[in-house]
Amino acid sequence: MEVLELRTYRDLQYVRSMETLMRSLDARLRAADGSLSAKSFQELKGRMTELLPLSSVLEQYKADMRTIVRLREEVRNLSGSLAAIQEEMGAYGYEDLQQRVMALEARLHACAQKLGCGKLTGVSNPITVRAMGSRFGSWMTDTMAPSADSRVWYMDGYYKGRRVLEFHTLGDFIKGQNFIQHLLPQPWAGTGHVVYNGSLFYNKYQSNVVVKYHFRSRSVLVQRSLPGAGYNNTFPYSWGGFSDMDFMVDESGLWAVYTTNQNAGNIVVSRLDPHTLEVVRSWDTGYPKRSAGEAFMICGVLYVTNSHLAGAKVYFAYFTNTSSYEYTDVPFHNQYSHISMLDYNPRERALYTWNNGHQVLYNVTLFHVISTAGGP
């Protein structure tokens, strides 16, 4: 609920920033005596174009507010159920109580999954956070960490690297200070790493093995081959760089994006169990991976850019809930003309990008479709 309120606050700030522009346009229109020159008309038309994203933000703002109300009701319901359990503790064994608490957690998780979900309708202009490192690399925050935890992980290069820098805050990352170093026991391949719930998930160099490295214990918790997945530049994105396997996290969990010989080089999306790294379910998108610039997941939807170079767009969307796809046309400003890492962070509703040695953020706009039938 804290995350959703933060998102709603950000949307409200955007709305407020448009107020000055709206007042200016209103004054111009009131001052007009019924006739506008062609030049004045074109100027007003251009200013009105700037306001076009406002409608989707307003819809998003209203949807977020409705969801906050519903989530608060669910929390109150869960609190009442928990109080009832506490009163009955003397009458139930430990296993019975554990099962009831797990059921309550599942209800809250199911409701929380719906926060902020929707279809991608816009990507903001890029926000350059820092220029650091080589042309290729990755940087990220933990999507499952509390909002007060703003640690940043930084991994320079796309193959044979083992050095991971952990910065205490985003501010420290920008200044290049206050960090610790992790030395991975096995080198990585590509830039498709992700930090999820305190662990780093990455592709072991020269293999199709997924490694889960726990930062606090500084140890590998589990590693497992991804069945049939290509590696070592067999099926990379169009930019190469050993990007055969790309790990992602969205509102619903951990994903792997890759391809196999069996599906003729088309992108496969697999939902992974974050504890065992076993494949829960897979989808063949039909989109050739070598034609994709980069990709990211939002709300169970895979979005693919048509290039890693200048002029890129979010061009293709695959919906895992319906096993269907569509071609899209969402502008995506590739400021430094060479993207080698692109990941969505559901906690911040932002895209993290490594663009030609620059660490860049993009905010995203989602169109919410909130069901009115039934509870969360």
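Because the structure is predicted, anything quoted here is derived from the model rather than measured.

Caption draft 1: Local environment of the overall build of the protein chain. Within the protein chain, the regular secondary structure consists of five helices and 21 strands. Split into buried and exposed, the 376 residues of the protein chain put 48% on the buried side. For the protein chain, contacts bridging at least 24 residues in sequence account for 55% of all contacts bridging at least 6.

Caption draft 2: A look at the confidence of the model for the protein chain. Chain-level statistics for the protein chain give a pLDDT mean of 84 and a share of 69% at 70 or above. Throughout residues 370-376 the model reports pLDDT below 50, and contacts reaching past four residues in sequence, or to other chains, amount to 12 contacts.

Caption draft 3: Looking closely at the state of the cysteines. Taken as a whole and judged by the stated rule, the model has one disulfide. Across the disulfide, Cys-117 is cross-linked to Cys-299 (sulfur-sulfur distance 2.3 Å). Taking the torsion about the S-S bond as the criterion, the Cys-117 to Cys-299 disulfide, at about -105 degrees, is left-handed. Of the two residues, Cys-117 sits in the loop between helix H4 (94-112) and strand E1 (119-123) while Cys-299 sits in the loop between strand E15 (295-298) and strand E16 (301-305), which places them 182 residues apart along the sequence.

Caption draft 4: Layout of the pattern of salt bridges. Summed over all chains, the structure comprises six salt bridges. One salt bridge connects Arg-224 with Glu-278, and the closest N-O pair in it is separated by 3.8 Å. Residue Arg-224 is found in strand E10 (residues 219-225), and its partner Glu-278 is found in the loop between strand E13 (266-272) and strand E14 (279-288); the two are separated by 54 residues along the sequence. On the basis of relative accessible area, Glu-278 is assigned to the partly exposed category, the value being 41%. Here Lys-313 and Asp-329 are joined by a salt bridge, their closest N and O atoms 2.9 Å apart. Linking Lys-313 in strand E17 (residues 313-319) with Asp-329 in strand E18 (residues 324-331), this pair joins segments that are 16 residues apart in sequence. Overlapping salt bridges, with partners in common, bring together Asp-149, Arg-151 and Glu-166 in one network.

Caption draft 5: A look at the sheet that holds E17. With respect to topology, four strands assemble into an open sheet ordered E15-E16-E17-E18, the strand pairing being antiparallel. Every other strand in the sheet has two partners, leaving E15 and E18 as the edge strands with one partner each. Taken pair by pair, the neighbouring strands of this sheet meet at an average axis angle of 25 degrees, ignoring direction. Taken together, the five bridges between E16 and E17 define a ladder with antiparallel strand orientation.

Thresholds applied
- Residues numbered from 1 in each chain as written.
- Predicted model: local features only at pLDDT ≥ 70, side-chain atom pairs only at ≥ 80, totals over all residues.
- Heavy atoms only, no water.
- Helix = DSSP H or I, 4+ residues; strand = E, 2+ residues; numbered from the N terminus.
- Buried < 20%, exposed > 50% of the residue type's maximum accessible area, 1.4 Å probe, protein only.
- Contact = heavy atoms within 4.5 Å.
- pLDDT = per-residue confidence, 0-100.
- Disulfide = S-S within 2.5 Å.
- Salt bridge = Lys/Arg side-chain N within 4 Å of Asp/Glu carboxyl O.
- Pairing = 2+ DSSP bridges.
- Axes fitted to C-alpha atoms, helices over the stretch in contact; angles between N-to-C directions.

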